[in-house]
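Structural overview
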Amino acid sequence: MKKRAYLVTALLMVGILLVPLLGSACPQPAEEKPIVIGMIFDLTGPFAPAGISGSRGAEIAKEVLGTEVAGKSVKFISEDGATDPTTALDKAKKLIETDGACMLLLPLPGASVRAIAPYLEQKKIPGIKLEMTDESVVLGDHWVWLPAGIQEEETYPVGLFAANNLGYKKVAILAWEIGDGPYFMAGFKDGFTESGGTIVNETYYPADTADFGPYVLALQNLDIDAVMGYFPGSNAFGFYDAKANFGLDLPVLEAAGEMPNPPVQAQLGMASVGTVFPATYLASLDTPGNQEFVAAYQDKYQETPSHLSAGAYVIIDIMYQALKATGGDTSSTALSEALNATSVDTIIGTLSFTPEHVGIINQYFYQKVGATGDVAADNKLLATAYTSSEKVGDDLKPVVLEWK
Amino acid sequence: MEFLYASLLVGLSYGMVLFLIAAGLSFMLGLMGIVNLAHGAIFMVGGYIGLTVAITTGNYVLGILAGTLAAAIVGLFIERATLRQLYKQPLEQILVTFGFVYVITNVTLWIWGPYPKIGFTPSLLDGSITIGESSFPIYRLAIIVIGLAIYFLLWWLQSRTKIGAIVRAGMDDAPMTSALGKNLSPVTIGAFVFGSAIAGFAGFVGIAALGSIDVGTGSRIIFLALGVCIVGGVGSVHGALVGALLIGIVESLVGFYFPEVALFTMYVLMVIILLFKPSGLLGREI
């Protein structure tokens, strides 16, 4: 009796083990794995306004450009970088090792990208960064591409423009100390001092600054013509509110920051009127596909897309062009070669890369916030600079090719 | 010299905002033994609701009332739904209230969206006055007055009323207080709701001084509030005020004269206090 029970149990177990084999023996259509693209946006932390704006641009890219390329379906997986380099690196590892991403859309904070870059080198996975960052991530054995250029390319012309066109002689710097501030300011300082200007004071405020009162008070104490600042994310609100409340009546020049983000500028309202800021994108650009992008964006989000929304859209466009060029081959070498050979008409213009993976020609639109503080309505375009970066020794140096 | 006075005044006003933020937390932690990490999120609820009402109606006082009431309701929900089961269980309290930070943050993201919102300043308190060669916002002067008023109110409630005496007695020896015929349950609920209401009040009043509110505010504010509690000590209104003013003034002076070390100021103060007086400058032993 006992023997029989053992026999029945053994047969049952064999049967259970065979079921999946029988299933697989049935003819099934082979399912091709989708191409996975990983995206890191900062949806929380001080850069959340920027991250959300970028993620919205990516959503529109999926709708307008589709989710199929080179005959294969594309799966997008998005993670929150939390404005924190450690978190961003963890998310990059997860996207590559667990999700199998073949390319990454890298987040806005330079510190996060500097944390991820060595890992991308190790894994040989291409990463394309939203907006610009410093040259360290594109020198050496690098796997980061910068379609919007290096940070100094954006601020070097601001320095030239401030001294030569706006007539400022003495400027104080107030910038976020984490990662990007000093790099943005280096470009400005070069341009401003080359044109005869003087940097009177340089202050880098810490992350999570809750009260800008002391910094605005210090600016009141200085004999200066203007303030050059970098106020990303929620810092813009702290600074401009304190500036208005303390009655600081000085012109402000900005590097990147929140000004080109229409909903943020609308929130800031009158506090930011008069600020001169650069942007890598204008919603009014007459470039292929731009009006389609703007219409789709406005339809979905009822707001004008920012440079970050456009930046994310452009990055996905570049990734698609690279995948088309490889015929859907997602190997590191094929993708790297395809990205290096990229020459694509995007919504911000024709884009291709230098051997250092930096956009060959970058355009920066310098604007002044109009009287109503509404970016779409009355921001005044002061000038457009077309720049490039030249390799001088071991460094990349910004060059202004043309002013318009 | 005028700039020194002006920067002291900036520090004083910032310290008063910190006091408003931390007073409720210190009260809950010191007198009730509740570690409420959702305090910053409750502050945020008060800020958002108050701001919405103030912008809609154009009335600052209605904004204060709405923010305070909303925070009190959220506090009541947290206490009744979870914390009443977890008294004297600090680890569980930390986990549960930390969970509420995520819930509240995501709900605020749904309702108010991702972009920061600038605080509401009534026209009466708008503008600035001149002190020497510096301008100083009138609203910040008002914050100093409001902070002092709240300080005296809390001190009076805690030290001069029967309810305050019951709360303190209940924290020191709950069985004995109950044996004396005092029903501690409504007092405990009321105290928690009151602490939350102060957070909501601070959320609306404070953001107008500090600039803006966004969905990350709750997570950032809780660190400031805990810093004040560590420096000043918990369970004492005087401790919360002294800790907040010390941090506010030192941070402002450092931000003005040595901005490169401003990031560490509060933490250095916390380390020094923890080394030499672990219960804080004026705190109760817990």
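Residues numbered from 1 in each chain as written. Chains lettered and ligands numbered in written order. Predicted model: local features only at pLDDT ≥ 70, side-chain atom pairs only at ≥ 80, totals over all residues. Heavy atoms only, no water.

A look at the overall build of chain B
Assigned secondary structure in chain B consists of eleven helices and four strands. Here the C-alpha radius of gyration of chain B, 19 Å, is about what a compact globule of 286 residues would show, namely 19 Å. For chain B, the C-alpha atoms occupy an extent of roughly 60 × 45 × 35 Å along the three principal directions. Expressed as a percentage of the 286 residues in chain B, the buried residues total 57%. When contacts within chain B are restricted to residue pairs at least 6 apart in sequence, long-range pairs at least 24 apart make up 77% of them. Summed over all atoms, the accessible surface of chain B reaches about 12000 Å², with 73% contributed by carbon and sulfur. Charge-centre separation for chain B: the mean point of 12 positive side chains lies 14 Å from the mean point of 11 negative side chains. (Helix = DSSP H or I, 4+ residues; strand = E, 2+ residues; numbered from the N terminus. Rg over C-alpha atoms; globule rule 2.2 N^0.38 Å. Buried < 20%, exposed > 50% of the residue type's maximum accessible area, 1.4 Å probe, protein only. Contact = heavy atoms within 4.5 Å. Areas by Shrake-Rupley, 256 points an atom, 1.4 Å probe, with all protein chains shown as cover. Lys, Arg positive; Asp, Glu negative; His and termini not counted. Charge placed at Lys NZ, Arg CZ, Asp CG, Glu CD.)

Some thoughts on the overall build of chain A
Helix and strand content of chain A: 13 helices and 16 strands. The C-alpha extent of chain A, read off along each of the three principal axes, is 100 × 45 × 45 Å. Across the 404 residues of chain A, 58% fall into the buried class. A sequence separation of at least 24 residues applies to 67% of the contacts in chain A between residues at least 6 apart. About 15600 Å² of surface is accessible on chain A, with carbon and sulfur atoms providing 54% of the total. Within chain A, the 48 negative side-chain charges are centred at a point lying 10 Å from the centre of the 26 positive side-chain charges.

Observations concerning the confidence of the model for chain B
Low-confidence regions, as indicated by low pLDDT, have predicted coordinates that should not be scrutinised in detail. Averaged over all residues, the pLDDT of chain B equals 90, while 99% of them reach at least 70. Two numbers describe this predicted complex: its pTM, 0.85, and its ipTM, 0.86. (pLDDT = per-residue confidence, 0-100.)

Some details on helix α2 (residues 39-57) of chain B
In this model, α2 of chain B (19 residues) spans 27 Å end to end at C-alpha, consistent with the 27 Å of a helix rising 1.5 Å per residue. Positive backbone phi, approximately 75°, marks Gly58 of chain B, located one or two places after α2 of chain B. (Expected span 1.5 Å × (residues − 1).)

Observations concerning the packing of aromatic side chains
In total, this model carries 31 aromatic pairs over all chains according to the counting rule given. Taken together, a centroid distance of 6.3 Å and an interplanar angle of 90° make the contact between Tyr60 of chain B and Tyr139 of chain B edge-to-face. Linking Tyr60 of chain B in helix α3 (residues 60-81) with Tyr139 of chain B in helix α5 (residues 138-160), this pair joins segments that are 79 residues apart in sequence. Arranged with centres 5.2 Å apart and planes meeting at 45°, the rings of Tyr60 of chain B and Phe204 of chain B form a pair that is tilted. Pair noted here: Tyr60 of chain B is in helix α3 and Phe204 of chain B is in helix α8 (residues 184-210), with a separation of 144 residues, a long-range link. These aromatic residues form a ring-pair network of at least three members: Tyr205, Phe212, Tyr215, Phe231, Phe239 and Tyr240 of chain A. (Phe/Tyr/Trp six-rings, centres within 6.5 Å; stacked < 30°, edge-to-face > 60°.)

Overview of a nonpolar patch on the surface
All names here are of chain B. A cluster of nonpolar side chains, namely Tyr257, Phe258, Val261, Phe264, Val268, Val271, Ile272, Leu275 and Phe276, defines an oily patch on the protein surface of about 940 Å² accessible area. No other element matches helix α11 (residues 265-276), which puts five residues into the nonpolar patch. Relative to the helices and strands, Tyr257 resides in helix α10 (residues 237-257). (Patch = residues over 30% accessible without salt bridge, like charges linked within 9 Å, V, L, I, M, F, W, Y side chains within 5 Å. Salt bridge = Lys/Arg side-chain N within 4 Å of Asp/Glu carboxyl O.)

Side note on the interface of chain B and chain A
Across the contact, 32 residues belong to chain B and 32 residues belong to chain A. Carbon and sulfur atoms make up 63% of the area that chain B and chain A hide from each other, which totals about 2800 Å². The shortest N-O distance in the salt bridge between Asp211 of chain A and Arg140 of chain B comes to 2.4 Å. Linking chain B with chain A are four residue pairs in polar contact (both at pLDDT 80 or more), by the criterion used here. Counting residues per element, the ones that place at least two in the side of chain B that touches chain A are α1 (2-32), β1 (117-118), β3 (134-137), α8, α9 (217-232) and α10 of chain B. With five residues, α1 of chain B is the largest single contributor of residues to the side of chain B that touches chain A. Tallied by class, the residues present in the side of chain B that touches chain A amount to 18 nonpolar, nine polar and five charged. (Buried area = accessible area lost by both parts, 1.4 Å probe. Polar contact = N/O pair within 3.5 Å; in protein donor to acceptor, adjacent residues only side chain to side chain. Nonpolar A, V, L, I, M, F, W, Y, C, P; charged D, E, K, R; others polar.)

Things to note about unusual backbone geometry
Residue and element names in this part refer to chain A. Notably, Ala82 is not glycine yet its phi reads approximately 55°, a positive angle. Among the structural elements, Ala82 can be located in the loop between β3 (72-80) and α3 (85-98). In this structure Ala82 comes out as partly exposed when scored by relative accessible area, which is 25%. Even without a glycine there, the phi angle at Gln302 is positive, about 55°. Relative to the helices and strands, Gln302 is located in the loop between α10 (290-301) and α11 (307-326).

Considering the packing of α3 of chain B against α8 of chain B
Residues and elements named next belong to chain B. Where α3 meets α8, the closest approach of the two axes is 7 Å, and the angle between their N-to-C directions is 140°. The orientation of α3 with respect to α8, classified from their angle, is oblique. Classified by chirality, the crossing of α8 by α3 is right-handed. Residue-level inspection shows Tyr60, Gly63, Ile64, Gly67, Thr68, Ala71, Ala72, Gly75, Leu76, Ile78, Glu79 and Arg80 of α3 in contact with α8, the latter providing Ser185, Ile189, Phe192, Val193, Ser196, Ala197, Gly200, Phe201, Phe204 and Val205. (Axes fitted to C-alpha atoms, helices over the stretch in contact; angles between N-to-C directions. Parallel < 35°, antiparallel > 145°, perpendicular 65-115°, else oblique. Left-handed = near helix turned anticlockwise from the far one by under 90°.)

Structural notes on the pairing of strand β14 (residues 362-368) of chain A
Residue and element names in this part refer to chain A. Counting buried positions over the seven residues of β14 gives six, a clear majority of the element. With four bridges connecting them, strand β11 (residues 276-279) and β14 associate as antiparallel partners. Looking at β14, one finds that Pro278 is bridged to Tyr366. Where β14 lies against strand β15 (residues 380-392), seven bridges are found, and the strand directions are antiparallel. (Pairing = 2+ DSSP bridges.)

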